[in-house]
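Structural overview
The lines below spell out each chain.
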Amino acid sequence: MTEPCLQVDDLHVKYDVGSTGFGRRRWLHAVNGVSLRIEPGETLGLVGESGSGKSTIGLAVLRLIEPFSGRVRLGGADVTGIPRSGVRSLRRRMQMVFQDPYSSLNPSMTIEQLLQEPLQIHTDLSRGDRQAKVAQILEAVGLHAGYAVRYPHEFSGGQRQRVAIARAMIIRPELVVLDEPVSALDVSTQSQILNLLKAIQDQSGSAFLLVAHDLAVVRLMSPRVAVMYLGEIVEEGPSGRVYDNPGHPYSAALISAIPFPDPVRQRASGRLILRGELPSLLDPPSGCRFRTRCPFAMDICAAEAPPRVPIEGGGVAACHLHAHGPRLAGGSVRSLLTARVLS
Ligand code: SF4
């Protein structure tokens, strides 16, 4: 069995936010016991509402924020175990593309300088070789090599994101965390950038952790998806199975919000509007964290955290509906939801 590109085990990220007044510390538990695995060259989509903790996982994997506990391994190397002074050497192997191409590029540097910088830090290439690499990567992301003398403000949002992708990919990292890479772009530019990412991945063999709230984007890009709710992964599996037959009510609700081009299919599919707000990470619900918004919550959901149950077609879902079978007899989570919405 080959070593995974990325392995995350029982990751916790929490912040001390002061005391309760009775001398006890209060913690904001942003990521609660997350485990995931990405194979070399694979894309895993991480989806969830804003505030679910998905971007925090990306930052913790790169040690841009410090995990509280748990382990992150990159190609077998222990990312969490090395001292902060050693983290820089890992950056050659892991890069990140941020959501906002307007703020992720230093406006006082030319594109040439921006793209040469990672090569200067992480390689001993000569100036001539670095220039050749810059020309090469600009062509690869669909920008003319002559643009190297320009500054970021001279580009559109889509072009800036191409530059940001070029900067991340120029040192051929093993893993790239893509944090909402197209959400700041207009729809036609989004599909160009997604196609570019796929083409670049085919050439480089890099693995992607794609963090996004847009399920349509994740389905297009990721053969496998993990769904996050309030700091936890509630479902994980092959994208086709999760989208067609979600095993968790939260996944089913998110998926029911994806519009179908066919209005008849749209009506038949039903849509569940989640009630209530995302609870506070300072005081998450006991048992299943989704129970305050779940239409199927049972007594056990408040008392016990649900186990991760294998789902037919691949992957797992953390929901008591599966362990307490009668609720699901003759149907799936999605059919339960559809019946609820249409009744
Ligand atoms: Fe809903 Fe209970 Fe399943 Fe949580 S465990 S998603 S509350 S049915």
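Residues numbered from 1 in each chain as written. Predicted model: local features only at pLDDT ≥ 70, side-chain atom pairs only at ≥ 80, totals over all residues. Heavy atoms only, no water.

Right, let's talk about the packing of helix 3 (residues 111-122) against helix 4 (residues 127-140) for a bit. Running from amino to carboxyl end, helix 3 crosses helix 4 at an angle of 120°, the nearest separation of the two axes being 10 Å. Taken together, the axes of helix 3 and helix 4 lie oblique to each other. Like other packed secondary-structure pairs, helix 3 and helix 4 cross with a definite hand, here right-handed. Counted together, I111, E112, L115, Q116, L119 and Q120 of helix 3 and R127, R130, Q131, K133, V134, I137 and L138 of helix 4 form the full contact between these two elements. Looking at the contact of helix 3 with helix 4 residue by residue, the class counts come to six nonpolar, three polar and four charged. (Axes fitted to C-alpha atoms, helices over the stretch in contact; angles between N-to-C directions. Helix = DSSP H or I, 4+ residues; strand = E, 2+ residues; numbered from the N terminus. Parallel < 35°, antiparallel > 145°, perpendicular 65-115°, else oblique. Left-handed = near helix turned anticlockwise from the far one by under 90°. Contact = heavy atoms within 4.5 Å. Nonpolar A, V, L, I, M, F, W, Y, C, P; charged D, E, K, R; others polar.)

Moving on: empty space enclosed by the protein. Summed over all chains, the structure comprises two cavities of 30 Å³ or more. Reported here for the largest cavity is a volume of approximately 80 Å³. Around the largest cavity sit 14 residues that line it, and C288, C294, C301, C319 and H320 are the ones nearest its centre. The residue makeup of the lining of the largest cavity, split by class, is eleven nonpolar, two polar and one charged. (1 Å grid on protein atoms, 1.4 Å probe; cavity = no way out; pocket = protein on both sides within 12 Å on 5 of 7 lines; lining within 4 Å. Points joined across faces, edges and corners; volume = space filled by probe spheres on them.)

One pass over the structure, following the stated rule, counts five aromatic pairs. A centroid spacing of 5.5 Å and a plane angle of 65° characterise the contact between W27 and F68, whose relative ring orientation is edge-to-face. Residue W27 is found in strand 2 (residues 25-38), and its partner F68 is found in the loop between helix 1 (54-61) and strand 4 (69-74); the two are separated by 41 residues along the sequence. Look at Y229 and F290: their rings are 5.0 Å apart centre to centre, the planes differ by 80°, and that puts the pair in the edge-to-face class. (Phe/Tyr/Trp six-rings, centres within 6.5 Å; stacked < 30°, edge-to-face > 60°.)

Okay, the environment of V309 next. As for its position among the elements, V309 is in strand 11 (residues 308-310). Distance from V309 to R241, taken between C-alpha atoms, is 15 Å for residues 68 residues apart in sequence. Beyond its immediate chain neighbours, meaning those up to four positions away, V309 contacts G315, V316, A317, C319 and H322.

A few words on the sheet that holds strand 5 (residues 77-78). Taken in spatial order, the four strands of this open sheet run 2-1-4-5, and their pairing is antiparallel. The open sheet has two free edges, formed respectively by strand 2 and strand 5, since each of these has just one partner strand. Looking at chain direction, strand 1 (residues 6-19) and strand 2 are connected through ten bridges and run antiparallel. Bridged to Y15 within strand 2 is L28. The sheet contacts of helix 1 involve strand 1, strand 2 and strand 4, and relative to strand 1 the element is tilted by about 110°. (Pairing = 2+ DSSP bridges.)

Contacts to the ligand come from H248, P249, C288, F290, R291, C294, F296, A297, C301, C319, H320 and L321. Here the ligand occupies the largest cavity. Among the residues forming the shell around the ligand, the class breakdown is nine nonpolar, two polar and one charged. (Near = heavy atom within 4 Å. Sits in = over half its atoms within 2 Å of the grid points.)

Okay, the sheet that holds strand 6 (residues 94-97) next. Strand order in this open sheet of eight strands is 6-7-8-3-9-10-12-11, and the pairing throughout is mixed. Looking at the sheet topology across the chains shown, the edges are occupied by strand 6 and strand 11. Strand-to-strand, the axes of this sheet are offset by a mean angle of 20°, without reference to chain direction. Pairing geometry for strand 6 and strand 7 (residues 175-179), over four bridges, is parallel. Bridge pairing in strand 7 places Q95 opposite V176. Helix 1 rests against strand 3 (43-47), strand 6, strand 7, strand 8 (207-212) and strand 9 (224-229) of the sheet, and its axis sits at about 145° to strand 8. Where helix 5 (residues 157-169) meets the sheet, its contacts fall on strand 6, strand 7 and strand 8, and the angle it forms with strand 6 comes to roughly 175°.

With that out of the way, let us pick up the pattern of salt bridges. Between side chains of opposite charge, pairing is possible as soon as their charged atoms come close. One pass over the structure, following the stated rule, counts 13 salt bridges. The partner of E66 in a salt bridge is R63, and the shortest N-O contact between them spans 2.9 Å. Residue E66 is classed as partly exposed on the basis of its relative accessible area of 39%. Ionic pairing is found between E235 and R241, a salt bridge with its closest N-O pair at 2.5 Å. With respect to burial, E235 and R241 carry one shared label: buried. Here the salt bridges do not stand alone but share partners, grouping E42, R224 and E236 into one network. (Salt bridge = Lys/Arg side-chain N within 4 Å of Asp/Glu carboxyl O. Buried < 20%, exposed > 50% of the residue type's maximum accessible area, 1.4 Å probe, protein only.)

What follows is about the packing of helix 3 against helix 5. The N-to-C vectors of helix 3 and helix 5 enclose an angle of 25°; their axes lie 8 Å apart at closest approach. Relative to helix 5, the element helix 3 is oriented roughly parallel. Between helix 3, through I111, L114, L115, E117 and P118, and helix 5, the contact on the second element is made entirely by V163, A166 and R167. Along the lines of polarity and charge, the residues of the contact of helix 3 with helix 5 split into six nonpolar, no polar and two charged.

Moving on to the domain arrangement of the protein. The domains assigned to the protein are domain 1 (6-222) and domain 2 (240-342). Computed from C-alpha coordinates alone, the two centres of domain 1 and domain 2 are separated by 30 Å. Opposite the 15 residues of domain 1 that make contact, domain 2 presents twelve residues. Of the roughly 1200 Å² buried at the junction of domain 1 and domain 2 (both faces included), carbon and sulfur atoms supply 57%. Considering only the surface of domain 1 that becomes buried against domain 2, E49, L215 and R219 emerge as the three largest contributors, covering 47% of it. Remark: the boundary between domain 1 and domain 2 carries two salt bridges. Here R219 ties to D244 by a salt bridge, and the two come within 3.7 Å at their closest N and O atoms. For the pair domain 1 and domain 2, the interface holds four residue pairs in polar contact (both at pLDDT 80 or more). (Domains from an automatic or database assignment. Buried area = accessible area lost by both parts, 1.4 Å probe. Polar contact = N/O pair within 3.5 Å; in protein donor to acceptor, adjacent residues only side chain to side chain.)

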